[in-house]
Every structure is written in structure tokens, then in C-alpha cells.
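Each chain, letter by letter, is given below.
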Amino acid sequence: MTELYNLDHLTELEAESIFVIREVAAQFDRPAILFSGGKDSIVVTHIAKKAFAPARIPMPLVHIDTGHNFLETIAFRDNLIQDMGVNLIVGSVQDTINQGKVQEETGNNASRNKLQTTTLIDTIEENRFDACVGGARRDEEKSRAKERFFSHRDDFSQWDPKNQRPELWNLFNGMHAPGEHFRVFPLNNWTELDVWNYILKEKIELPSLYFSHERECIRREGQILAMSEFLNLREGEKPEMIRIRFRTLGDLTITGAFESEADTLEKIIEEVAATRITERGGRMDDKRSSSAMEDRKKDGYF
């Protein structure tokens, strides 16, 4: 007699993600986890820890350091690495600039976000990674909705959204030629609300930036940007103290905040459930063109 299993929604999502991560370990020789210090990469790392327990995660964490990160993110990253005992590989955008491979942007909208693509590709090639596990989800942005679990990249790290492999019956084809690799997204079927509910359920620690706090900011083009030495002020812009939190973390110069009183996980979940603005609605880099994200992804972006 067949036994029926009554799994709740989050348990099913977790099981699917564990399956995908174990497939990565089984199919690839030199996999890695792309770690930004954001909630999604933290959840991926947490799930990877469960997937291989009681052993340690059998792949390094890779962080592409723009040099314009939130200090809270770097401190959280270092503490997590120490607690988990995993290997951390850091690719430096500043080193890429110093080597003359990319040119620093100038002007009021200057950002290093696009520059990190070159650093990421160099880091993958230097370490000969054949699979990089990331925390992207299909619900984040329209170009990411085109992703498979196993996203093939050619030997130039480029992504062709029209030439992705079918994944029928959860069969993943990780075959690749020398120099090619895959980006793998275990959270593809998760939503932002799923992620927050899972964080609450698993009691996962996060950087303090995700919770409501007062911070010196400026308002620009409908966005709220945190003040820093890397932000170039426009004429007439005046910093002010605003109670904010961040829904996504990235480069300081392009990561917009939201005014919020949500200082607990329960309040954040209520806020996310009620909002009609996507979490990347505060990312200035996504507003450079209607296809900004897809253009960057085709060039090798996360």
C-alpha cells in the first residue's frame, strides 16, 4: 500500500532545493556557492548545510567584493564563515580596476555593480569552477523568470535565454565542454514571502540591514539611498535621517531602501505580504533600461 506524505509548502520547497544542491555535488567536479551576504544566498547556504550534514559544505563560498559594500554585510559574512568553517574565496572589483580590465564609472549615478561581472568571470576561470550555485529566484525580475535550475553558460560565461536545456521530471543535464559552466538556482520556485517564512521557521540569522533602523539617506528619483563616501550627491540633495530597512542587498550606491517600521521577522512578513512593489523595485541599476538585468545576465552577471 502506498503511503501518502503530507508535506507542508516550505518543507516541499526545502526538499526540492536540497535535491538540486546534491545534484550539483554529484554532477560537477568544482562547484561553488555565490555568496552576496543577502538573505537569498544566506538561505541557500543554510540549505546546503542541511543537505550535507553532518559533514561540512563540500564547496567554497565565493563573494565578489565591489569595495562599496555595506559594512554590516561584510561583518555578517566573516562571522558566518567562521561559524560554519567553510572556505571563502573573495574576488575584488578594485583589483580588476587596478589591472585595467574595467574602468571606474564617474558621475552622479556611478556604480560598480556592472563592473563586478568581469571580476566574477575572472574568479570562475581562475578557480576552474564548473558550477556556481546562486540564490536568484524566478519571481524577482522578468529575465530571471526565464531561468532553469541548471542555467548553462558558454566558455565566455554568456547566457542565452533561448537555448536552455529542458528539465523534464527533474532531470538535470550538467554536461558541458571545457571552459563552460552552469549557474544553478535551487530557489527558483520560491517567492520572497516563502523565503521570509522559511527564515522565520528555521530561525536563520540575517544582517541587521533587513530590519527597520534609522539611517542617514537621500531621496533620489523616488528611491531612498543610504549615505556613504561612495555616493555622489547631486545639486540640491540633502541627507536626512529616515527610518528604513532593505529588502535586497547589493552595492551601496544602487541599493534602495524602503521606509518601514518592520523590526521583527513577523512584521517583515506582514509587510511583504501586503506590498505591491517587487523587492528589486529599489535597485537603481535595474532602472538604467527596460532590459538592464537581462543585458547584464547575457554578459555573465549573477
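Throughout this document, residue positions are counted from 1 along each chain, in the order its sequence is written. The model is predicted, so local features are restricted to residues of pLDDT at least 70 and side-chain atom pairs to those at 80 or more, both for listing and for counting; the totals for chains, interfaces and linings are taken over all residues. Think of the side-chain values as coming from all heavy atoms in the structure, minus any hydrogens and water.

With that settled, consider the overall build of the protein chain. Along its length, the protein chain carries 8 helices and 10 strands. In terms of C-alpha radius of gyration, the protein chain reaches 19 Å, essentially the compact-globule figure of 19 Å for 302 residues. Along the longest, intermediate and shortest principal axes, the C-alpha atoms of the protein chain span 70 × 45 × 40 Å. By definition in these notes, contact holds between two residues if any of their heavy atoms fall within 4.5 Å. Taking as baseline every contact in the protein chain between residues at least 6 positions apart, the subset at least 24 positions apart corresponds to 72%. With the model as given, the accessible surface of the protein chain reaches about 14700 Å², and the carbon-plus-sulfur share is 49%. Think of it this way: Lys and Arg go in the positive column, Asp and Glu in the negative one, and His and the chain ends go nowhere. A single reference atom marks each charge: NZ on Lys, CZ on Arg, CG on Asp, CD on Glu. Computed over 40 positive and 52 negative side-chain charges, the inter-centroid distance for the protein chain is 2 Å. To qualify as a helix, a DSSP run of H or I must reach at least 4 residues; to qualify as a strand, a run of E must reach at least 2; elements of each kind are numbered from the N terminus. For a compact globule the rule gives 2.2 Å times the number of residues to the power 0.38, and the radius of gyration it is set against comes from C-alpha atoms. Only the protein chains shown count as cover for residues, and all accessible areas are computed by the Shrake-Rupley method using a 1.4 Å probe.

For a helix, the expected span equals 1.5 Å multiplied by the number of residues minus one. The end-to-end C-alpha distance of helix α1 (residues 9–27) is 27 Å, a good match for the 27 Å that 19 residues give at a rise of 1.5 Å each. Only protein chains enter the accessibility calculation, which uses a 1.4 Å probe; a residue whose area is less than 20% of its type maximum is buried, one above 50% is exposed, and one in between is partly exposed. Among all positions in α1, only Leu10, Leu13, Glu14, Ser17, Ile18, Val20, Ile21 and Val24 are buried. Angular distribution of buried residues about the axis of α1 spans 160°; they occupy a single face of the element. Any pair of N or O atoms that falls within 3.5 Å is considered a polar contact. Within protein, one atom must be able to donate a hydrogen and the other to accept it, and sequence-neighbouring residues count only if both atoms are side-chain atoms. One side-chain oxygen at the N-terminal end of α1 lies 3.1 Å from the backbone nitrogen of leucine 10; it belongs to aspartate 8. By construction, the arc corresponds to the directions joining the helix axis to the C-beta atoms.

On any regular strand, side chains alternate: one points to one face of the sheet, the next to the other face. Going residue by residue along strand β6 (residues 181–184), you find His181 and Arg183 tucked away on one face and Phe182 and Val184 tucked away on the opposite face as well. Where strand β4 (residues 131–133) lies against β6, 3 bridges are found, and the strand directions are parallel. In the strand pairing of β6, cysteine 132 is matched with arginine 183. Strand pairing is assigned whenever DSSP detects at least two bridges linking the two strands. As judged from the 4 bridges shared by strand β5 (residues 150–153) and β6, these two strands associate in the antiparallel manner. The residue of β6 that forms the bridge with histidine 152 is phenylalanine 182.

Another point: the environment of glutamate 147. Structurally, glutamate 147 can be placed in the loop between β4 and β5. By relative accessible area, glutamate 147 is classed as buried at 2%. Separated by 36 residues in the primary sequence, glutamate 147 and arginine 183 place their C-alpha atoms 9.5 Å from one another. A distance of 3.4 Å separates the side chain of glutamate 147 from the side chain of tryptophan 159, its partner in a polar contact.

Note on placement: arginine 245 falls in strand β9 (residues 240–245). Within polar-contact distance, the side chain of arginine 245 engages the backbone oxygen of tyrosine 210 at 3.2 Å.

Before going further, it helps to spend a moment on the packing of aromatic side chains. Between the rings of Phe, Tyr and Trp (Trp by its six-membered ring), a pair exists once the centres lie within 6.5 Å; its type follows the angle of the planes, with under 30 degrees stacked, over 60 edge-to-face, and the other angles tilted. With the rule as written, the count across this model stands at 9 aromatic pairs. A centroid spacing of 5.6 Å and a plane angle of 80° characterise the contact between tryptophan 196 and tyrosine 210, whose relative ring orientation is edge-to-face. Of this pair, tryptophan 196 sits in helix α6 (residues 192–202) while tyrosine 210 is found in the loop between α6 and β7 (213–220), placing the two residues 14 residues apart along the sequence. You'll find tryptophan 196 and tyrosine 210 in the same group, each marked buried.

Take the nonpolar core next. Counting 57 residues, the largest nonpolar core has Val43, Phe150 and Trp196 as its most contacted members. In terms of residues, this core owes the most to one element, helix α2 (residues 39–52), which gives 7 residues. Contacts of tryptophan 196, omitting those with residues within four sequence positions, involve Lys39, Leu206, Tyr210, Arg245, Leu265, Ile268, Ile269 and Val272. Core analysis: the next-biggest nonpolar cluster, separate from the first, contains 13 residues, Leu34, Val62, Ile89 and Val102 among them. As used in this record, nonpolar core signifies buried Ala, Val, Leu, Ile, Met, Phe, Trp, Tyr and Cys residues forming a set joined through side-chain atoms within 4.5 Å.

A pairing counts as a salt bridge when a side-chain nitrogen of Lys or Arg comes within 4 Å of a carboxyl oxygen of Asp or Glu. This structure, assessed with the given rule, holds 18 salt bridges. Residues lysine 101 and aspartate 122 are paired through a salt bridge, measuring 3.0 Å at the closest nitrogen-oxygen approach. Of this pair, lysine 101 sits in the loop between α4 (93–98) and α5 (116–127) while aspartate 122 sits in helix α5; the two residues are 21 residues apart in sequence, bridging distant segments of the chain. Under the relative-accessibility criterion, lysine 101 is labelled partly exposed at 45%. Look at aspartate 122 and you get buried, because its relative accessible area is 14%.

Looking now at the domain arrangement of the protein chain. Segmenting the protein chain into domains produces domain 1 (2–195 + 291–299) and domain 2 (206–288). In this document the domain limits rely on a domain assignment from an automatic tool or a database. Between domain 1 and domain 2, the C-alpha centre-to-centre distance is 23 Å. Each side of the interface is counted separately: domain 1 has 30 residues, and domain 2 has 30 residues. By convention, the term buried area covers the 1.4 Å-probe accessible surface removed from two parts as they join, with the contributions of both added. For the pair domain 1 and domain 2, the summed buried surface comes to about 2600 Å²; carbon and sulfur atoms form 51% of the total. In this assembly, domain 1 and domain 2 are joined by 2 salt bridges. The residue glutamate 72 makes a salt bridge to arginine 215 at a minimum N-O spacing of 3.3 Å. Remark: the boundary between domain 1 and domain 2 carries 6 residue pairs in polar contact (both at pLDDT 80 or more). For the side of domain 1 that touches domain 2, the elements supplying multiple residues, two or more each, are α2, α3 (71–84), α6 and α8 (292–298). For the side of domain 1 that touches domain 2, the class distribution of residues is 7 nonpolar, 12 polar and 11 charged. As a working rule, the residues Ala, Val, Leu, Ile, Met, Phe, Trp, Tyr, Cys and Pro are called nonpolar, Asp, Glu, Lys and Arg charged, and the rest polar, with Gly in that last group.

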